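Below, each chain spelled out in residue letters.
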Amino acid sequence: TNHIISIRDYTRRDIDYLLERAGEFDTRTYDRHALEEKLLALLFFEPSTRTRMSFETAMARLGGKSISVDSVEASSIVKGETLADTIRVVSGYADAIVLRHPKEGAARLASEFATVPVINAGDGAGQHPSQTLLDLYTIRQSMPIDGINVGMLGDLRYGRTAHSLAYALSLYGATIHTIAPGGLELPANILHELRERGMEVIQHDDVSDIVAELDVLYVTRIQRERFPDSASYYNVASSYRITPDLLEDVQEHLMVLHPLPRAGEIDSGVDGLPYARYFEQSRNGVPVRMALLHEVMK
Ligand code: CP
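Each value, and the rule that gives it
Residues numbered from 1 in each chain as written. Predicted model: local features only at pLDDT ≥ 70, side-chain atom pairs only at ≥ 80, totals over all residues. Heavy atoms only, no water. Helix = DSSP H or I, 4+ residues; strand = E, 2+ residues; numbered from the N terminus. Expected span 1.5 Å × (residues − 1). Buried < 20%, exposed > 50% of the residue type's maximum accessible area, 1.4 Å probe, protein only. Phe/Tyr/Trp six-rings, centres within 6.5 Å; stacked < 30°, edge-to-face > 60°. Contact = heavy atoms within 4.5 Å. Core = buried A, V, L, I, M, F, W, Y, C linked by side-chain atoms within 4.5 Å.

Caption draft 1: Broad picture of helix α10 (residues 285–297). With 13 residues, α10 extends 18 Å from end C-alpha to end C-alpha; this agrees with the ideal 18 Å at 1.5 Å per step. Counting buried positions along α10 gives twelve out of 13 residues, so the element sits mostly inside the fold. Among the residues of α10, Gly 285, Val 286, Pro 287, Val 288, Arg 289, Met 290, Ala 291, Leu 292, Leu 293, His 294, Val 296 and Met 297 are the ones counted as buried.

Structure, rendered in structure tokens:
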């Protein structure tokens, strides 16, 4: 079955193909009945605005329908049903399942019990492959991805969007400049694997040291929900913030991206600058997810 679990499962050729397909769905000349009669199950066991709504939008634009469970509390998981049983059951209703889950590895596990494709919409601090595809799609609208300098700022320990994107960028010869508060650096195993893949990963203490050299600045939120207690969150909360002042002497083509939601990491004064591309990025979730849904169900 055609599951989409981790960006690590894909070659550059696979990714380029999906980005090309997304471009075709962006033209609005696609077949609006392509997924008629198809049903998508959205199982979101963690909050979401963009991922959930853009998958639903993508499905509707292709003529398909969606069914959903919006929380653990609203499902029979509160009665003790396992994820495995939930997936077995939902496989009998829908043609594909989009799963967001707080536990890393949940989507992979679900794929072992599903008889229809499972798309990982975020598994704890693990992976968020459809987000990465829309991140790459957004970058590619402005510049070739090959060899670019990408600053990754924020919670690189728990941030699954950063993990997924870093793996994908390693296929394009990009260099990553990491800037993370103490304790929120990229996990050692990820850093090791990126370097094994030949990627240059350079650590910096302050974003202002490197911002002038960047092609892309990828900002992430501190993933408060993953912290063991609130004291350790408050130790690092508000430790970085992108302001217009910081962007005074950057390359003209710099793109500031953020998977969103933001929680104070980007000053709203940045929104009107040409570098601010994060709302366009979230819009790109629709054509990218149309391409994914079409690929797994058609
Ligand atoms: N970027 C992203 O995954 O946003 P949501 O949590 O709102 O889906």
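After that view of the structure, there is still more to cover.
Caption draft 2: Spatial organisation of the packing of aromatic side chains. In total, this model carries five aromatic pairs according to the counting rule given. Ring geometry for Tyr 233 versus Tyr 234: centroids 5.1 Å apart, planes at 70 degrees, classification edge-to-face. With relative accessibility at 14%, the residue Tyr 233 sits in the buried group. These aromatic residues form a ring-pair network of at least three members: Tyr 158, Phe 227, Tyr 233 and Tyr 234.

Caption draft 3: Highlighting the environment of Met 297. Structurally, the position occupied by Met 297 is in helix α10. Residues Met 297 and Asn 2, 295 residues apart in the sequence, show an inter-C-alpha distance of 8.5 Å. Residue contacts for Met 297: discarding those within four places in its chain leaves Leu 35, Lys 38, Leu 39, Leu 40, Met 59, Asp 95 and Ala 96.

Caption draft 4: Examining the nonpolar core more closely. Residues Ile 15, Leu 40, Leu 136, Ile 148, Met 152, Leu 169 and Leu 293 are the most contacted members of the largest nonpolar core, which totals 60 residues. At eight residues, the largest contribution of residues to this core is made by α10. Discounting chain neighbours no more than four positions away, the residues touching Leu 293 are Leu 35, Leu 40, Phe 55, Ala 58, Met 59, Ile 119 and Lys 298. Grouped together as the second largest cluster of nonpolar side chains are 29 residues, Val 236, Ile 242, Leu 260 and Tyr 278 included.

Caption draft 5: Seen up close, unusual backbone geometry. The omega angle of the peptide bond from Leu 260 to Pro 261 is 5 degrees, so this bond is cis rather than trans. With respect to the helices and strands, the residue Pro 261 is situated in the loop between β9 (255–257) and α9 (278–283). You will see that Ser 238, though not glycine, has its phi angle at about 60 degrees, which is positive. Relative to the assigned elements, Ser 238 resides in the loop between α8 (230–236) and β9. Positive phi values are uncommon outside glycine, yet Leu 260 reaches one of about 60 degrees. Among the residues examined, Leu 260 registers a relative accessible area of 11% and is labelled buried.

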